[in-house]
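# Residue-level structure breakdown
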Amino acid sequence: MELVPIGAIAIQGTAKMHHGFSNISFIRNTVHKLAILYGRNVNNRANNRSLVFCAGLIKMVFELFRLIYYVAAAGFCCLPLYFYLKDGKYVLMFAMLIPGCDPETLHGFVITCVYHIGTLYIGIVGILAADVSNMLFILNVVEVADVFKNQLKSLDVILDGMHNDEEIVHRQVLGICSMHEEIVLYSEELESSYGTVILFQIVTSIVEISTGLFIFHMTGHINAFFLVLGAIWQLLEFCLLGVTLTVKNEEIVRALYDLKWYHLSTRHQRMLGLILHKAQNAVEISIGGLAWLNLETFVEVMKTIYSYYAMLKEFIK
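A brief report on the enclosed structure follows.

The rules behind the values
- Residues numbered from 1 in each chain as written.
- Predicted model: local features only at pLDDT ≥ 70, side-chain atom pairs only at ≥ 80, totals over all residues.
- Heavy atoms only, no water.
- Helix = DSSP H or I, 4+ residues; strand = E, 2+ residues; numbered from the N terminus.
- Buried < 20%, exposed > 50% of the residue type's maximum accessible area, 1.4 Å probe, protein only.
- Salt bridge = Lys/Arg side-chain N within 4 Å of Asp/Glu carboxyl O.
- Patch = residues over 30% accessible without salt bridge, like charges linked within 9 Å, V, L, I, M, F, W, Y side chains within 5 Å.
- Areas by Shrake-Rupley, 256 points an atom, 1.4 Å probe, with all protein chains shown as cover.
- Axes fitted to C-alpha atoms, helices over the stretch in contact; angles between N-to-C directions.
- Parallel < 35°, antiparallel > 145°, perpendicular 65-115°, else oblique.
- Left-handed = near helix turned anticlockwise from the far one by under 90°.
- Nonpolar A, V, L, I, M, F, W, Y, C, P; charged D, E, K, R; others polar.

Attention shifts here to the overall build of the protein. When you go through the protein residue by residue, the secondary structure sums to eight helices and zero strands. Order of helices (α) and strands (β) in the protein, N terminus to C terminus: α-α-α-α-α-α-α-α. In the protein, buried positions account for 40% of the 317 residues.

Written as C-alpha cells, this is what we have:
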C-alpha cells in the first residue's frame, strides 16, 4: 500500500517525460515566438516593461517552486536521522528496498537511505523541471495578453489625436487582429498539448492524496503526510495556472470594452467586434476534456477526497 503514492509519482513523471519528448517541435516553436516577441518590443517602453515584469514574475514563481520542492526533499532526508536519534529506530523514507540489502542492519540501513536520497533527488529535479516548463509555456499567454492590452491603449492614443490618420488606425487595428489571432491559436495549442498530461497530473495527485491520507491514518508515518502536502501543492499549482489564463481572458474583454471604438469607422468596429466575440468565448485549458482547470475544480476534488476519507474512517471504526 505504501508503494501506491510512489507508483503514482512514477506514472506522473513518465507522462510528463513522454509529453516533453513528443512535443519538442511545439516547445521549439514557442521559444522562437517568445524570442521574436521580445525582440519586436525591445524599443517599445510600455511593452518592454510588461515583458520584463512577466519574466521577473516567472523567475520568482520558479524560485518559489524550487524552494518548496527542496525543503520537502530536505524534510524527507531528515526523517531517518530524526527517528534514529530520537528512538534509535531504523525508519526508511520510502518502502523501497534493495534486493539483498537488509535495512534492519546499520550497514544496510545506510545503503538503503543513500539509495532513497538519490532517487528522491532525481525525482525532485525531474518534477521541478517539468512543472516549471509547463508553467513557462502556459504563463506565456500572460505576456502576450499584456502586450495586446498595450496595443489597445496605443490605438486609444491614436484615436484621441486631433488629426488621426485613417491609414495609421487601419494598420493598428490589423496589428491588434493579428495579435489576438495568435493568442487564440496559442491557447488552442495549449489545450490540445497539455490537456492529457494535466489529466495524468490531476489523477495521480488524487491517488497520492487519498492513499497518503489512508497510510497516515493507519500508521501515523510522517512521510505519508509530507506526500499528501506535496500532492496538494501540485494540484493547486496547476489549477492556479488555469485561473491565470481565465483572468487574462477577462482582462482582454475588459480592455476591448474600454476601447474608444465609437471613434472608429464601421469596418474597424466590425473587426474589433469579432475579436470581442472570440474573447468572450475564449479557449480554456481543461483536464483532458472532463473539467475546467480552475479553483472550483480544486475545491470539488478536495471535498470529494475528504468525503471518502471521512467515510473510510467511519468504516474502520
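Another point: the pattern of salt bridges. Side chains that differ in sign of charge can pair as their charged atoms come close. All chains considered together, the criterion is met by 10 salt bridges. In this structure, Glu63 engages Arg66 in a salt bridge whose closest nitrogen and oxygen atoms are separated by 2.7 Å. Of the two residues, Glu63 and Arg66 both sit in helix H3 (residues 45-87), three residues apart, roughly one turn of that helix. Notably, a salt bridge pairs Asp160 with Lys260, separated by 2.7 Å at the nearest N-O pair.

Together, Leu81, Tyr84, Leu85, Leu106, Val110 and Val114 make up an exposed nonpolar region whose accessible area comes to about 580 Å². Secondary-structure elements contributing two or more residues to the nonpolar patch are H3 and helix H4 (106-160). Note that Val110 resides in helix H4. Taking relative accessible area as the criterion, Val110 reaches 42% and is therefore assigned partly exposed.

On to the packing of H3 against H4, then. Interhelical geometry of H3 versus H4 gives an angle of 165 degrees and a closest axis separation of 9 Å. Here H3 is positioned roughly antiparallel relative to H4, judged by the angle of their axes. Every pair of crossing elements has a handedness; the one defined by H3 and H4 is right-handed. Here the residues of the contact of H3 with H4 sort into 27 nonpolar, four polar and four charged.

These figures capture arrangement, not role.
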